[in-house]
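# Observations on the model geometry
Next come the chains, spelled out residue by residue.
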Protein chains: 2
Amino acid sequence: MRMHAEADREHDTATPAAPAPPVRKFRAEDAGYRWDAVPLKAYKPAGTHFQDITRQTLFGEAEELSSELRYFEVGPGGHSTLERHEHVHAVLILQGRGRVMVGEAVHAIEPFDLVHVPPQTWHQFRADADAPLGFLCLVACDRDRPHRPDADEAEALRRSPHVGDFVRL
Amino acid sequence: MRMHAEADREHDTATPAAPAPPVRKFRAEDAGYRWDAVPLKAYKPAGTHFQDITRQTLFGEAEELSSELRYFEVGPGGHSTLERHEHVHAVLILQGRGRVMVGEAVHAIEPFDLVHVPPQTWHQFRADADAPLGFLCLVACDRDRPHRPDADEAEALRRSPHVGDFVRL
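Residues numbered from 1 in each chain as written. Chains lettered and ligands numbered in written order. Predicted model: local features only at pLDDT ≥ 70, side-chain atom pairs only at ≥ 80, totals over all residues. Heavy atoms only, no water.

### Comments concerning the pattern of salt bridges
One pass over the full model with this rule turns up 18 salt bridges over all chains. Put simply, E155 of chain A and R158 of chain A hold a salt bridge, and the shortest N to O gap is 3.8 Å. Taken together, the residues span about one helical turn, with E155 of chain A and R158 of chain A both in helix α1 (residues 151-159) at a distance of three residues. Taking relative accessible area as the criterion, R158 of chain A reaches 49% and is therefore assigned partly exposed. Between R143 of chain B and E68 of chain B there is a salt bridge, with the nearest N and O atoms lying 3.8 Å from each other. Separated by 75 residues along the polypeptide, R143 of chain B in the loop between β12 (133-140) and α1 (151-159) and E68 of chain B in strand β6 (residues 67-79) bring together distant segments of the chain. When salt bridges that share partners are traced, they join K25 of chain A together with R97, E110 and D113 of chain B into one network. (Salt bridge = Lys/Arg side-chain N within 4 Å of Asp/Glu carboxyl O. Helix = DSSP H or I, 4+ residues; strand = E, 2+ residues; numbered from the N terminus. Buried < 20%, exposed > 50% of the residue type's maximum accessible area, 1.4 Å probe, protein only.)

If you want it as structure tokens, here you go:
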């Protein structure tokens, strides 16, 4: 399996050379959750079938970790890309409410709930209409590229009695 | 450097064979934060110079991750063991207030603040007197054992103008 750093496919600038300072303070702004010395980034390049998401990398290779802890914030009614990949996601909801599709089921999610996405499992997060959905997502630094549904897979997802009404393709 | 799984030195039972279910719900109980299907564990064996802490492993090897995400809850006025080690800690505060010593400085911490403990850096968490301090802590699954201060190191820490009043040995 060919592995790619996330920087290869997302709007990263150069990886910061310095590790994080010992303490970075949190603040809740009108525009969303922010931390000292944590840059706000685009979720993915435009055109990858998501809506209204920001990304902030809280910890990663700069701190000598083999995993990255990212914070994603999905605007009201927004959603992440529907995709699957070999690497797993370990998620903890920080704010808001929404739903997540993992495989053939949709689950309601709210603060501090845990979500585990196993390898090669279709998944998509969606914020409720009235509030943003913010969550931590832990992944391996060295991971494979996500795969989006091809035409046949998209058709099968749309026809699913369990997730057909939920998916945004 | 010889590495040891945490199970080798803490009160773990056997590692669960099954990965986490897709969604595990959170609940705030009087006794502290809890999650479905997450066992509550002792922080460390008795006698390792800590006070009033519980530990819950939210994600780890069972979910095919190379890192573990743990949740620690320190009771009001309680503290973690003062120690250092080669592996780093990446911490996000979830509830309460307290202070953390990282090297030669003490910092106030509150919800969603980030704390990074670099390799071989003395550190200790303490909850304020009036509330528990709960935090996520990300570590590598494969990591070295912590080192507590020997007599000379303890004396040097007690004499420090920066952290001498803070440390609990």
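Now that the structure has been shown, the text picks up again.
### So, the interface of chain A and chain B
The interface of chain A with chain B comprises 39 residues on the first partner and 39 residues on the second. For the pair chain A and chain B, the summed buried area comes to about 3300 Å², and 69% of that belongs to carbon and sulfur atoms. Its largest share of buried area at the contact with chain B, chain A owes to F112, L114 and H116 of chain A, together 22% of the area lost on that side. On inspection of chain A and its partner chain B, the count reaches four salt bridges. Across the salt bridge formed by D113 of chain A and K25 of chain B, the nearest N and O atoms sit 2.5 Å from each other. At the boundary of chain A and chain B, one finds 15 residue pairs in polar contact (both at pLDDT 80 or more). If one sorts the elements of the side of chain A that touches chain B by residue count, strand β7 (residues 89-95) of chain A sits on top with four residues. Here two bridges tie strand β1 (residues 23-24) of chain A to strand β10 (residues 114-117) of chain B, and the two strands are oriented antiparallel to one another. (Contact = heavy atoms within 4.5 Å. Buried area = accessible area lost by both parts, 1.4 Å probe. Polar contact = N/O pair within 3.5 Å; in protein donor to acceptor, adjacent residues only side chain to side chain. Pairing = 2+ DSSP bridges.)

### What to know about α1 of chain B
Residues and elements named next belong to chain B. Where α1 is concerned, the buried positions are E153, A154 and L157. End-on view of α1: buried residues confined to an arc of 100°, all on one side of the axis. Turned more than 90 degrees off the buried face of α1, the exposed positions are A151, D152 and R159. Buried residues in α1 make contact with β8 (98-102). Capping the start of α1 is the job of one residue whose side-chain oxygen sits 3.1 Å from the backbone nitrogen of D152: D150. (Arc of directions from axis to C-beta.)

### Details of the relation of the copies chain A and chain B
Superposing chain A onto chain B requires a rotation of 180° together with a translation of 0.0 Å along the rotation axis, leaving an RMSD of 0.0 Å. Given the turn and translation reported, the copies of this chain are related as if by a two-fold rotation axis. Of the residues that chain A buries at the interface, 100% are likewise interface residues in chain B, meaning the two copies contact each other through the same surface. (Least-squares fit on C-alpha atoms with pLDDT ≥ 70 in both.)

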